[in-house]
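Structural features, examined
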Amino acid sequence: MGFIQDPLHTPDYAVLGDEVAVFDTSKGTIRVRLDGEGAPVHVANFCELASSGFYDDLKFHRYVPGFVIQGGCPNTRDMTSEQVARGEAGPHGRPGTGGPGYRIRQEFTTNPHNSHDDAALAMARSADPDSAGSQFYFCLGPQHGLDSGYTVFGQTVEGTEVISALRAGDTINSIRIEHVGA
């Protein structure tokens, strides 16, 4: 992921603390309670991207059994599911190397809830701790070895069976943000 040269971004989205991300995927629906208290920058960034339609029609590009399923790379938008599953380069580059054109600061050192439990939602990044942008992953089982290096910003509350069924090439139809109190 080549985000190192991109500027550090502060999202404009005002986190209310009651956000739930609803993922409509080709395998079904996933609902994730976002942690606006523990990871406000990550939640604001994710909500901003989701609300703008950034994630619409992207593919999950990385599947490691028993570890993670990863998505959020814009390079997958104009690729077929089969091309992504094979790891081919698309018209905008290889799956897993794209981002929003900026990066956000890490919050794993300040988030008191930073626990990579089964079905946790966290941000992918490069070697630079402050290099997350748009790529995220769901944990396929507890992955506590990642707690000290990657920011968790949500926990799945519905759809863990969908997460278990996802593979590289499956589509993110859309992600919408709901509010628990609404």
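See the structure shown above.
These remarks concern the structure in this document. (Residues numbered from 1 in each chain as written. Predicted model: local features only at pLDDT ≥ 70, side-chain atom pairs only at ≥ 80, totals over all residues. Heavy atoms only, no water.)

Take the sheet that holds strand S6 (residues 120-123) next. With antiparallel pairing, the nine strands of this open sheet are ordered in space as S3-S9-S1-S2-S8-S6-S7-S5-S4. Only two strands of the sheet have a single neighbouring strand rather than two, namely strand S3 (58-59) and strand S4 (62-64). Relative to strand S8 (residues 152-158), S6 runs antiparallel, the two being bridged by three bridges. Bridging across to S8, Ala120 finds its partner in Gln155. Contacting strand S1 (19-25), strand S2 (28-34), S6, strand S7 (136-139), S8 and strand S9 (171-179), helix H1 (residues 40-52) runs over the sheet at an angle of about 120 degrees to S9. (Pairing = 2+ DSSP bridges. Helix = DSSP H or I, 4+ residues; strand = E, 2+ residues; numbered from the N terminus. Contact = heavy atoms within 4.5 Å. Axes fitted to C-alpha atoms, helices over the stretch in contact; angles between N-to-C directions.)

What follows deals with the side chain of Glu107. In this fold, Glu107 is placed in the loop between helix H2 (81-86) and S6. Buried and unpaired, Glu107 has Arg105 as its nearest opposite-charge partner, separated by 4.2 Å. Beyond its immediate sequence surroundings of up to four residues, Glu107 is in contact with Gly38, Ala39, Pro40, Val41, His42 and Thr151. (Buried < 20%, exposed > 50% of the residue type's maximum accessible area, 1.4 Å probe, protein only. Lys, Arg positive; Asp, Glu negative; His and termini not counted. Salt bridge = Lys/Arg side-chain N within 4 Å of Asp/Glu carboxyl O.)

The subject of this paragraph is H1. With 13 residues, H1 ought to run about 18 Å at 1.5 Å a step, and its terminal C-alpha atoms sit 18 Å apart, in line with that. Listed as buried for H1 are Val41, His42, Val43, Ala44, Asn45, Phe46, Cys47, Leu49 and Ala50. Buried positions along H1 lie against S1, S2, S6, S7, S8 and S9. Just downstream of H1 lies Gly53, where phi reads positive at about 85 degrees. (Expected span 1.5 Å × (residues − 1).)

As for its position among the elements, Arg125 is in the loop between S6 and S7. Of the side chains with opposite charge, Asp128 comes closest to the buried, unpaired Arg125, at an N-O distance of 6.4 Å. There is a polar contact of 3.2 Å between the side chain of Arg125 and the backbone oxygen of Ala127. In this structure the side chain of Arg125 is engaged in a polar contact, spanning 2.6 Å, whose partner is the backbone oxygen of Gly149. (Polar contact = N/O pair within 3.5 Å; in protein donor to acceptor, adjacent residues only side chain to side chain.)

Turning next to the nonpolar core. In terms of nonpolar packing, the biggest core is built from 33 residues, with Phe23, Leu34, Phe46, Tyr55, Phe136 and Phe138 touching the most fellow members. No other element matches H1, which puts six residues into this core. If we ignore the near neighbours within four places in the chain, the residues touching Phe138 are Phe23, Ile30, Val32, Phe60, Phe67, Val68, Ile69, Ala119, Ala120, Leu121, Thr156 and Ile163. By size, the runner-up hydrophobic cluster in this structure holds eight residues, among which are Ala120, Ala122, Ala124 and Tyr137. (Core = buried A, V, L, I, M, F, W, Y, C linked by side-chain atoms within 4.5 Å.)

The next subject is the environment of Gln83. For Gln83, the position within the fold is in helix H2. Among the residues examined, Gln83 registers a relative accessible area of 25% and is labelled partly exposed. Note: C-alpha distance between Gln83 and Pro95 (12 residues apart in sequence) is 9.3 Å.

Let us now look at the state of the cysteines. The tally for this structure, following the rule as stated, stands at zero disulfides. The cysteine Cys47 is free of any disulfide, with Cys139 supplying the nearest cysteine sulfur at 19 Å. The class for Cys47 is buried, based on a relative accessible area of 0%. Cysteine Cys73 is unpaired, with the sulfur of Cys139 as its nearest cysteine sulfur at 19 Å. Given the relative accessible area of 0%, Cys73 is considered buried. (Disulfide = S-S within 2.5 Å.)

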